[in-house]
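# Secondary and tertiary structure notes
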Amino acid sequence: QVQLVESGGGLVQPGGSLRLSCATSGRIFGFYTMGWYRQTPGKHRELVASINSDGSANYLDSVKGRFTISRDNAKNTQYLQMNSLKPEDTAVYYCNVKNPPYDYWGQGTQVTVSA
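Reading guide: rules and limits
- Residues numbered from 1 in each chain as written.
- Predicted model: local features only at pLDDT ≥ 70, side-chain atom pairs only at ≥ 80, totals over all residues.
- Heavy atoms only, no water.
- Helix = DSSP H or I, 4+ residues; strand = E, 2+ residues; numbered from the N terminus.
- Buried < 20%, exposed > 50% of the residue type's maximum accessible area, 1.4 Å probe, protein only.
- Areas by Shrake-Rupley, 256 points an atom, 1.4 Å probe, with all protein chains shown as cover.
- Lys, Arg positive; Asp, Glu negative; His and termini not counted.
- Charge placed at Lys NZ, Arg CZ, Asp CG, Glu CD.
- Polar contact = N/O pair within 3.5 Å; in protein donor to acceptor, adjacent residues only side chain to side chain.
- Contact = heavy atoms within 4.5 Å.
- Core = buried A, V, L, I, M, F, W, Y, C linked by side-chain atoms within 4.5 Å.
- Pairing = 2+ DSSP bridges.
- Axes fitted to C-alpha atoms, helices over the stretch in contact; angles between N-to-C directions.
- Salt bridge = Lys/Arg side-chain N within 4 Å of Asp/Glu carboxyl O.

Another point: the overall build of the protein chain. Assigned secondary structure in the protein chain consists of zero helices and 11 strands. With the C-alpha coordinates aligned to their principal axes, the bounding extent of the protein chain is approximately 45 × 25 × 25 Å. Looking at the protein chain as a whole, 41% of its 115 residues are labelled buried. Working note: accessible area of the protein chain is about 6300 Å², and carbon and sulfur atoms make up 51% of it. Across the protein chain, the centroid of the 11 positively charged side chains sits 2 Å from that of the 8 negatively charged ones.

So, in structure tokens, the structure goes:
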């Protein structure tokens, strides 16, 4: 059974940095995409960044140049380095692995950007 465990969330001041990690346990076969989503109360979950097996990445426009997604295939772990954080980045962040037909989610980690 595949499980995703996130870590690294917390409270940070505007302009600060955080690094989220997501460790995947269990076996995943074939090519798969890793990604980070975020959600605030009353809003839909939105894709922040994703990275494919070949290392190609995509980002939400509002985080381009500030966030960097990476993955370590040997460890089945993905990371989200978040720099220059803004109050509007406050949300619960969820890691995700897409391995069709399967779609795996972490439990979420709170990121709060506030002075």
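Read on, since the account is not over.
Turning our attention to the side chain of T77. Within the fold, T77 resides in strand β8 (residues 77-82). A relative accessible area of 9% places T77 in the buried class. Among the polar contacts listed, one links the side chain of T77 to the backbone oxygen of K75, at a separation of 3.0 Å. Contacts of T77, omitting those with residues within four sequence positions, involve C22, A23, M34, S70, R71 and D72.

In terms of nonpolar packing, the biggest core is built from 26 residues, with W36, F67, L80, M82 and Y93 touching the most fellow members. For this core, the secondary-structure elements that each account for two or more residues are β3 (18-25), β4 (33-39), β5 (46-51), β7 (67-72), β8, β9 (91-99) and β11 (109-113). The element best represented in this core is β9, accounting for four residues.

Taken in spatial order, the four strands of this open sheet run β1-β3-β8-β7, and their pairing is antiparallel. The open sheet has two edge strands, β1 (3-7) and β7, and neither has a second partner. Across the sheet, the axes of successive neighbouring strands diverge by a mean angle of 15°, strand direction being ignored. When β7 meets β8, the two strands line up antiparallel, connected through six bridges. Looking at β8, one finds that D72 is bridged to T77.

Turning our eyes to something else, we now look at the pattern of salt bridges. Scanning the model with the defined rule gives five salt bridges in all. Among the salt bridges present, the one from D89 reaches R38, with a minimum N-O distance of 3.0 Å. With D89 in the loop between β8 and β9 and R38 in strand β4, this residue pair connects regions lying 51 residues apart in the sequence. The same class applies to D89 as to R38, namely buried. For K64, the salt bridge identified is with D61, shortest N-O distance 3.0 Å. Three or more residues joined by partner-sharing salt bridges are found here, namely R38, E46, R66 and D89.

So, on to the pairing of β5. As a general feature of sheets, a regular strand has side chains that alternate between the two faces. In this structure, β4 lies alongside β5, joined through five bridges in antiparallel fashion. Its bridge partner lying in β5, M34 is registered against I51. Count of turn residues in the β4/β5 antiparallel hairpin: six residues, of which G42 carries a positive phi of about 85°. Where β5 meets strand β6 (residues 57-59), three bridges bridge the pair, whose relative direction is antiparallel.

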